[in-house]
Amino acid sequence: MNTLKPQEIVHLETLKDFRRHYLPFDKRVYCEGIHSSETEQSTGFFEITRLEQMALKETGASGILERRKFYSVIVLTHGELCAQIGEHTYDIKFHSLYFVAANQLHGIQKCSQDAKGYHLIFDEEYYLLCLRNQIKLSNFIFFMTTKSPIMSLNKGACTTILPLIEKMELDYCRRSTFKDDLLVKLYLNVFLVEVERLYEFKQDQETKPQSKAALLVAQFQNLVKQHYLKVRQVSDYAGTLYVTPHYLNDAMREQTGHSASAFINAQLSTAAKALIIQTDLSFAEIAAQLLFSNPSYFGRFFKKQTGFTPLQYRKRYLNDQLLS
């Protein structure tokens, strides 16, 4: 494990950005469903790609790092990879998974010629549409930056995990419209729950050492997840952590590319999205649940964060979800 020098950082925010970076020649050959030229989704997206279809060797040779606005799970079934995740580089062997949280630094440094596996990406909106009352993606233990981002798979784990991935790929490729992926959403939910169960079972593995900035950011993020409804000022969290707001903001920007206040707002925004698309509560009731002083203030906040009014957002996703 080595700490790498600063490099150029590319920001990948949408599915289109990901494809431009990793699939410059549209190498996907397994899917007969929706073609990439027809998919312009900027939110609420999922993609499963074979590693052997991706431009990993070309991307690794360029030495470029990225920050993804979405979440990623990479499953290596053959070969080897060397990847930077956060502050460290890892040599990853076959029959392993590794995880990249939203806004976490990531880059493929090397890739063996025989590397095979799967690359899953999905954003928070897509995950919210899986089932009611989902936990936040950032609360899965393997997406927490203080935990190891690598998990090896024994034979039993492979037997559990790989069939789920194959089912996701099959149903994803069979889609004829964007709405035709209800089984994919369900398989994704089961996959993440199963992976977390296996990950927790293997918690005896060593956690990589973190810098002071990384530990501070992890502490701040954990505090926000617990208290964002009632505590919304960066200065309050900074005081609890015995640092100045300026120092906390600098650490957040260094580790995630975003400010501390942006993270607080993102937690509120995600909670609002869940209530808007998973319930039939009025917007006034949602505003009250999220402790906004009035519905108008909530509406302005939501529009600033998402680009949509609460009504526009609900209409956009109302017919595109499976809620039980």
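Structure first, text after, so check above.
Not measured: the values here are computed from a predicted model.

A. Spotlight on the overall build of the protein. In terms of helices and strands, the protein carries 12 helices and 10 strands. For the protein, the proportion of its 324 residues judged to be buried stands at 53%. In the protein, 76% of the contacts between residues at least 6 apart in sequence involve partners at least 24 apart. Accessible surface, the protein: about 15500 Å² in total, of which carbon and sulfur atoms supply 53%.

B. Examining helix α6 (residues 212-227) more closely. Its 16 residues give α6 an end-to-end C-alpha distance of 22 Å, which sits within 8% of 22 Å, the value for a rise of 1.5 Å per residue. Of the positions making up α6, those classed as buried are Ala213, Ala214, Leu216, Val217, Ala218, Phe220, Gln221, Leu223, Val224 and Lys225. Here the buried face of α6 lies against α7 (234-240), α8 (245-256) and α9 (260-278).

C. View of the packing of α9 against helix α11 (residues 295-306). Two elements in contact, α9 and α11, have axes separated by 10 Å at closest approach and are oriented at 105°. Considered as vectors, α9 and α11 are oriented roughly perpendicular to each other. For the pair α9 and α11, contact is made by Asn265, Leu268, Ser269, Ala272, Lys273 and Ile276 and by Phe298, Phe301, Phe302, Gln305 and Thr306, respectively. Of the residues in the contact of α9 with α11, the class split is 6 nonpolar, 4 polar and 1 charged.

D. Representation of the side chain of Ser259. Residue placement: Ser259 occurs in the loop between α8 and α9. Within polar-contact distance, the side chain of Ser259 engages the backbone nitrogen of Ala262 at 3.1 Å. Residues within four places of Ser259 in sequence aside, it is in contact with Asn249, Met252 and Arg253.

E. Structural view of the pairing of strand β8 (residues 105-111). Most of β8 sits inside the fold, with 6 of its 7 residues counted as buried. Sheet analysis places strand β3 (residues 65-68) next to β8, joined by 2 bridges and oriented antiparallel. Across the sheet, residue Arg67 finds its bridge partner in β8, namely Leu105. Direction of pairing for strand β5 (residues 81-85) relative to β8: antiparallel, over a ladder of 5 bridges. When the bridges of β8 are listed, Cys82 appears paired with Lys110.

F. Expanded view of unusual backbone geometry. Not every positive phi belongs to a glycine, and Asn103 is a case in point at roughly 70°. The backbone of Leu291 shows a phi angle near 65°, a positive value even though the residue is not glycine. With respect to the secondary-structure elements, Leu291 resides in the loop between α10 (283-289) and α11.

G. Quick look at the nonpolar core. Residues Phe46, Phe122, Phe143 and Phe191 are the most contacted members of the largest nonpolar core, which totals 38 residues. Within the residue set of this core, elements represented by two or more residues are β2 (46-50), β4 (71-78), β7 (96-100), β9 (116-122), α3 (124-128), α4 (155-173) and α5 (182-201). With 9 residues, the single largest contributor to this core is α4. In this structure Phe46 touches Leu120, Ile121, Phe122, Tyr126, Met168, Tyr172, Val184 and Leu188, once residues within four positions along its chain are discounted. With 36 residues, the next largest nonpolar core counts Ala213, Tyr237, Leu248 and Phe301 among its residues.

H. Molecular detail of helix α12 (residues 310-317). Of the positions making up α12, those classed as buried are Pro310, Tyr313, Arg314 and Tyr317. Buried residues of α12 fall within an arc of 95° about the axis and therefore sit on the same side.

I. Summary view of the side chain of Glu124. If you trace the backbone, Glu124 turns up in helix α3. Buried charged residue Glu124 carries no salt bridge. Nearest counter-charge: Lys273, at 6.8 Å. Side-chain polar atoms of Glu124 contact the backbone nitrogen of Leu137, separated by 3.5 Å.

J. Examining the environment of Lys93 more closely. Counting through the fold element by element, Lys93 comes out in the loop between β6 (88-92) and β7. Taking the C-alpha atoms as reference points, Lys93 and Leu81, separated by 12 residues in sequence, lie 6.7 Å from one another. Setting aside residues up to four positions removed in sequence, Lys93 forms contacts with Leu76, Gly79 and Glu80. Within the structure, Lys93 has its side chain in polar contact with the side chain of Glu80 (distance 3.4 Å).

K. Focus on the sheet that holds β9. The sheet built from 5 strands is open, its strands ordered β2-β9-β4-β7-β10 with antiparallel pairing. In this open sheet, the two edge strands, each paired with only one partner strand, are β2 and β10 (150-152). If you compare each strand with its neighbour and ignore which way they point, the axes differ by 15° on average. Where β4 and β9 come together, 7 bridges link them in antiparallel fashion. Paired with Tyr71 across the two strands is Phe122, which belongs to β9. Where α4 meets the sheet, it contacts β2, β4 and β9, and its direction lies at approximately 110° from that of β2.

L. Main features of the pairing of β5. In terms of residue burial, β5 counts as a mostly covered element, since 5 of its 5 residues are buried. Where β5 meets β6, 5 bridges bridge the pair, whose relative direction is antiparallel. Residue pairing in the sheet places Ala83 in a bridge with Tyr90 of β6. As consecutive antiparallel partners, β5 and β6 are separated by 2 residues, and within that stretch Gly86 has a phi angle of approximately 70°, a positive value.

What counts as what
- Residues numbered from 1 in each chain as written.
- Predicted model: local features only at pLDDT ≥ 70, side-chain atom pairs only at ≥ 80, totals over all residues.
- Heavy atoms only, no water.
- Helix = DSSP H or I, 4+ residues; strand = E, 2+ residues; numbered from the N terminus.
- Buried < 20%, exposed > 50% of the residue type's maximum accessible area, 1.4 Å probe, protein only.
- Contact = heavy atoms within 4.5 Å.
- Areas by Shrake-Rupley, 256 points an atom, 1.4 Å probe, with all protein chains shown as cover.
- Expected span 1.5 Å × (residues − 1).
- Axes fitted to C-alpha atoms, helices over the stretch in contact; angles between N-to-C directions.
- Parallel < 35°, antiparallel > 145°, perpendicular 65-115°, else oblique.
- Nonpolar A, V, L, I, M, F, W, Y, C, P; charged D, E, K, R; others polar.
- Polar contact = N/O pair within 3.5 Å; in protein donor to acceptor, adjacent residues only side chain to side chain.
- Pairing = 2+ DSSP bridges.
- Core = buried A, V, L, I, M, F, W, Y, C linked by side-chain atoms within 4.5 Å.
- Arc of directions from axis to C-beta.
- Lys, Arg positive; Asp, Glu negative; His and termini not counted.
- Salt bridge = Lys/Arg side-chain N within 4 Å of Asp/Glu carboxyl O.

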